Amino acid sequence: MFGETLPQALLALPVQDLPESIVMAMAVFALLGLPLEWKKIAAVALLQTATNLVRLLPIAFGMHTVILAISLVVYTRLVTGAKPSRVFLAVLVCFIVISLVELISVKPLIALSNLSYEQAVKNPLLRGLFSLPYEVALLILALVKNYFNHRNRKQVSR
């Protein structure tokens, strides 16, 4: 993305990619109605974080998003055994949430920071900060959906 170098990509892994992968895995698990089992979420998140190095490949802009979506479906399927179609739908919902929150938050963040979008995206630390709004949105989605999943499981077990 924008000519990212290996050192920049490696810095982005703990700053943006790992937190993003954790909340994305949590949201997918919750949307699937699965309990938030930390070992399984960590496994999916670590695999997804490593897959984020796809940004270094010389591929068309946007293709890395397709690769990351497919990889998240595959990793979640491998770890949970959930139906691929349901996993794909959950991943799609997460990407829609990310897109909507970015549409809402990027312009004000750029105005507040006096940076161009390209400057923010090139710097892994700034990219990590700019990703916070959608990471928080995914976290809220995961926790709220998990709350209702847990509540429904208790009602069914009565």
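Placed above this text is the structure.
One numbering rule holds for all chains: residues counted from 1, following each sequence as written. Side-chain atom pairs in this predicted model are given and counted only at pLDDT of 80 or more, local residue features only at pLDDT of at least 70, and totals for whole chains, interfaces and linings cover all residues. With hydrogens and water set aside, each side-chain value is computed from the structure's full complement of heavy atoms.

Asker: A description of the overall build of the protein chain should follow, citing residues and the corresponding values.
Answerer: Only DSSP runs of H or I with at least four residues qualify as helices, and only runs of E with at least two residues qualify as strands; both kinds are numbered from the N terminus onward. Assigned secondary structure in the protein chain consists of 7 helices and 0 strands. Reading the protein chain from its N terminus to its C terminus gives the helix and strand order α-α-α-α-α-α-α. The quantity called the radius of gyration is restricted to C-alpha atoms. Its globule counterpart is 2.2 Å times the number of residues to the power 0.38. Taken against the 2.2 N^0.38 rule, which gives 15 Å for 158 residues, the C-alpha radius of gyration of the protein chain at 16 Å falls within 12% of a compact globule. Projecting the C-alpha coordinates of the protein chain onto the three principal axes gives extents of approximately 55 × 30 × 25 Å. For every residue, the accessible area (1.4 Å probe, protein chains only) is compared with the maximum for its type, and the residue is labelled buried under 20%, exposed over 50%, or partly exposed between those bounds. By the burial criterion, 38% of the 158 residues in the protein chain qualify as buried.

Asker: Tell me about the packing of aromatic side chains, and name the residues and values.
Answerer: Centre distance within 6.5 Å is the pairing criterion for rings of Phe, Tyr and Trp, where only the six-membered ring of Trp is used; planes under 30 degrees apart are then read as stacked, over 60 as edge-to-face, and the remainder as tilted. Counted under the stated rule, the structure contains 1 aromatic pair. Between the aromatic rings of tyrosine 147 and phenylalanine 148, the centroid separation amounts to 5.3 Å while the plane-to-plane angle is 75 degrees, which identifies the pairing as edge-to-face. The class for tyrosine 147 is partly exposed, based on a relative accessible area of 48%.

Asker: Residues and numbers for the environment of leucine 10, please.
Answerer: The residue leucine 10 is located in helix α1 (residues 6-31) in this model. The spacing of leucine 10 and asparagine 52 is 42 residues in sequence and 9.8 Å in space, taken between C-alpha atoms.

Asker: Could you give an account of the packing of α1 against helix α2 (residues 38-51), with specific residues and numbers?
Answerer: Only the stretch in contact is used when a helix axis is fitted, and all axes are lines through C-alpha atoms; the angle between N-to-C directions ranges over 0 to 180 degrees. Where α1 meets α2, the axes come as close as 8 Å, and the angle between the chain directions of the two elements is 135 degrees. With respect to α2, the element α1 is oriented oblique. α2 is crossed by α1, and the crossing has right-handed handedness. Where α1 abuts α2, its residues Leu13, Asp17, Leu18, Ser21, Ile22, Ala25, Met26 and Phe29 lie against Trp38, Lys40, Ile41, Val44, Ala45, Leu46, Gln48 and Thr49. Think of it as three bins: nonpolar holds Ala, Val, Leu, Ile, Met, Phe, Trp, Tyr, Cys and Pro, charged holds Asp, Glu, Lys and Arg, and polar takes everything else, Gly as well. Classifying every residue of the contact of α1 with α2 by side-chain character gives 11 nonpolar, 3 polar and 2 charged. Any angle between 65 and 115 degrees counts as roughly perpendicular, while under 35 counts as roughly parallel, over 145 as roughly antiparallel, and the rest as oblique. The crossing is said to be left-handed when, going from far helix to near helix, the turn is anticlockwise and less than a right angle, and right-handed when the turn is clockwise. Contact between two residues is taken to exist if any of their heavy atoms lie within 4.5 Å; hydrogens are not considered.

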